Amino acid sequence: MADERFDDFTDIEGLLRLPRHAGLAASPSGRLVAVIQQADEHGSRMVPSLWELDPAGEREAQRLTWSEKGESAPRFAPDGSLLFSSARPDPTGTADEDVAAIWRLPEHGEAHVVASAPGGLSLVAVADDGTMLATTEVLAGGTLADDAERRKARKQAKRTAIWHTGMPIRYWDHEVSDVSPRLVLVSPDGDVRELTPGADTLNLLNASADLSPDGERVATTWTTRVAGGETRSAIALVDVRARRRRVLLRATAAHQWARPRFSPDGAALAVTRLTTSSPTDTTYDFLEIHPLGGGDPVLVDVGDVSVTEYAWADASTLLVAGDLHSRGAVLAVDASTGRVRTLVDDAPHASLAPTADGRSVFALRTDMATPAAPVRIPVRGRGETTAIKAPSRIGALPGRLEWVETDVDGVTVGGWLCTPTAASTKAPAPVMLWIHGGPHGSYNAWSWRWNPWLAVARGYAVLLPDPAMSTGYGHEGLNRGWPRLADVVWRECERLLDHVLERRTLDGSRTALLGASFGGYMTNWIAGHSDRFDAIVTHAGLWALDQQHATTDAAAQKVRVHGHPDLLPEWYRDYSPHHSASAITTPMLLTHGNRDYRVPVSEAMRMWWDLVSAWPGSPATMPHRFLQLTDENHWVLRPSNAVTWNRAVLGFCDQHVLGGEPLPDALPW
């Protein structure tokens, strides 16, 4: 991996081939390992590898693993060896080919397989005695013992049928109900023991689990079906020796639970309580610390922070990271009182990895101008955040980043403005408005998928607002504009856009609108309610809400909040973009993945039909285009597809905003 700095943002493929930090793990002895992803030779996939970093930030990083399959989920064992999950070939033939196993890399020597299972093993946690908690999958209705034979028979017979007994039946980009997720315990010697026999296809779907430091208990989310197509997630405790499970925190119609994390002494459990969304209130998260020996929980007031993760520094201190005011923060929470100290509040941080003494925490820091990179943050005493040397090659940006804000109906609405260096009063820059997804999200971090600096390098200024329902502004900010009121969000975005267009260095006569997911819904809705833009790009956007709400993998939540069109005809008429299809005059580029189950591709297909069939002129003159990504999900993850997507999006905007050359009928990339 070369050390040269990258600063040519006209080179889309070059940017997307840069290394990306995706995780950290710290050992009791002071070692620090990072997961770093990079595109393979053909750009067909991102391959993760493990790198040793110098915790002192002095020595260069050293690569530890090199397989084509990649390695992930690193955890340190008590003996100092490094554990990880990988589907790399096993020279001994112990692990099944192309199925992830748990591997051990000693401090000196070669990596070898510790344990494997027919449905793969993903490492979750390691106890003080070296016992490991992992997840696997077995074919529905089976056990770990008979899974290999059942899989072999299914494969030979080419059986692909799935028997559904309730909702949900899909999640994100894959079907559910054909396999049953299970929790397993893996001994240091590699013996695999199932902890949750009989778990159905839903109980542990996307479960969050943790292993107590003494290896005696597992805390996990446990999801069950209830009436009306709904599900509820409780927190269960599993006695490892007896394999007995009991509910610790029950789910109700009002709230559910997520993200259990044992304290280092095993005496307490940090959890997230999530309220149930309704037509008047969105979902709110509450951080709680529950003593396992009895007593009232400690309720943590994190203020405006939208919590994204937490980790224990020691038995008395919980570290919390989250979004805050279009930036981010790391907090230190007193576990006995709930008192909060702010460690940093300048940027988002992830992959919290506390040191063994609890005096510092390693994390991946990012912001709008900087990709995620490892840093060390003091937890106790005084000191500054220090950078850790790691593969990173971002050099000079092609423009200037600044925070802008304005008043909208008594509320301060802000966003980030990226302006090209060459913008001037004599050569004002064309402007793009990007609306983020979620709607609970924030423009506060570097993005490899939607990178504004690629557009800035082509001469565009890019405005990235955090309007109503953005994270990092407390519960009030999350609920402003609920339930997904497009006109509220558009009013705030447009007011901020008008505010920055008062600058003579920006050209309000040449503009484009872009968005994805909820942002794609917004672009679709705005297209039928405004003709001020020269081009609109919509990725994974909702179009016909009566169709999307019942076909998304999150149907229960959507229908609970928005009801049925027959019961709320005015809401659906006002807010479903397809009702305003005849008013669209702006050239639109639709992009969508076939494997997107959050916003099914049927939304784009129906919108495409509405646009094409309504075009009154010759088909050769129709300005709209549709980029279909047949093997992508809600995001564009394959590097080669990301290159195509960026070139298509920027080329489409160049054509209609700048008067550039028309895009060819055949895909040139």
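Structure first, text after, so check above.
Heads up: these notes are all about the structure in this document. Keep in mind that what you see is a predicted model, and the values were worked out from it rather than measured.

With that settled, consider the packing of helix α5 (residues 486–500) against helix α6 (residues 518–527). Geometrically, a packed helix pair is captured by the angle between its two axes and the distance between the axes. Packing of α5 against α6 leaves a shortest axis separation of 10 Å and a crossing angle of 85 degrees. By the angle between their axes, α5 is roughly perpendicular relative to α6. Only Phe-518, Tyr-521, Met-522, Trp-525 and Ile-526 of α6 make contact with α5, whose side of the interface consists of Ala-486, Asp-487, Val-489 and Trp-490. Its residues assigned to classes, the contact of α5 with α6 comprises eight nonpolar, no polar and one charged.

So, on to the pattern of salt bridges. Applying the stated rule across the entire model yields 30 salt bridges. Here Glu-175 and Arg-170 are joined by a salt bridge, their closest N and O atoms 3.4 Å apart. Judged by relative accessible area, Glu-175 falls into the partly exposed class, the value being 30%. Arg-458 serves as the salt-bridge partner of Asp-654, at 2.5 Å between the closest nitrogen and oxygen. Taken together, the residues Asp-654 in helix α11 (residues 639–657) and Arg-458 in the loop between α3 (452–456) and β34 (461–466) connect sequence positions 196 residues apart. Judged by relative accessible area, which is 35%, Arg-458 ranks as partly exposed. One network of salt bridges, with partners in common, ties together Asp-346, Arg-365 and Asp-367.

What follows deals with the nonpolar core. Grouped together as the largest cluster of nonpolar side chains are 47 residues, with contacts concentrated most on Leu-433, Tyr-521 and Met-522. Counting only elements with at least two residues in this core, the list comes to β33 (429–435), β34, α5, β35 (506–516), α6, α9 (569–575), β37 (588–593) and α10 (602–614). The biggest single contributor to this core is α5, with eight residues. Tyr-521 has contacts with Arg-484, Ala-486, Gly-541, Leu-542, Leu-545, Tyr-575 and Pro-577, leaving out every residue within four places of it along the chain. Counting 42 residues, the second-largest nonpolar core is a separate cluster that includes Ile-12, Leu-514, Leu-589 and Leu-650.

Rules used in this analysis
- Residues numbered from 1 in each chain as written.
- Predicted model: local features only at pLDDT ≥ 70, side-chain atom pairs only at ≥ 80, totals over all residues.
- Heavy atoms only, no water.
- Axes fitted to C-alpha atoms, helices over the stretch in contact; angles between N-to-C directions.
- Helix = DSSP H or I, 4+ residues; strand = E, 2+ residues; numbered from the N terminus.
- Parallel < 35°, antiparallel > 145°, perpendicular 65-115°, else oblique.
- Contact = heavy atoms within 4.5 Å.
- Nonpolar A, V, L, I, M, F, W, Y, C, P; charged D, E, K, R; others polar.
- Salt bridge = Lys/Arg side-chain N within 4 Å of Asp/Glu carboxyl O.
- Buried < 20%, exposed > 50% of the residue type's maximum accessible area, 1.4 Å probe, protein only.
- Core = buried A, V, L, I, M, F, W, Y, C linked by side-chain atoms within 4.5 Å.

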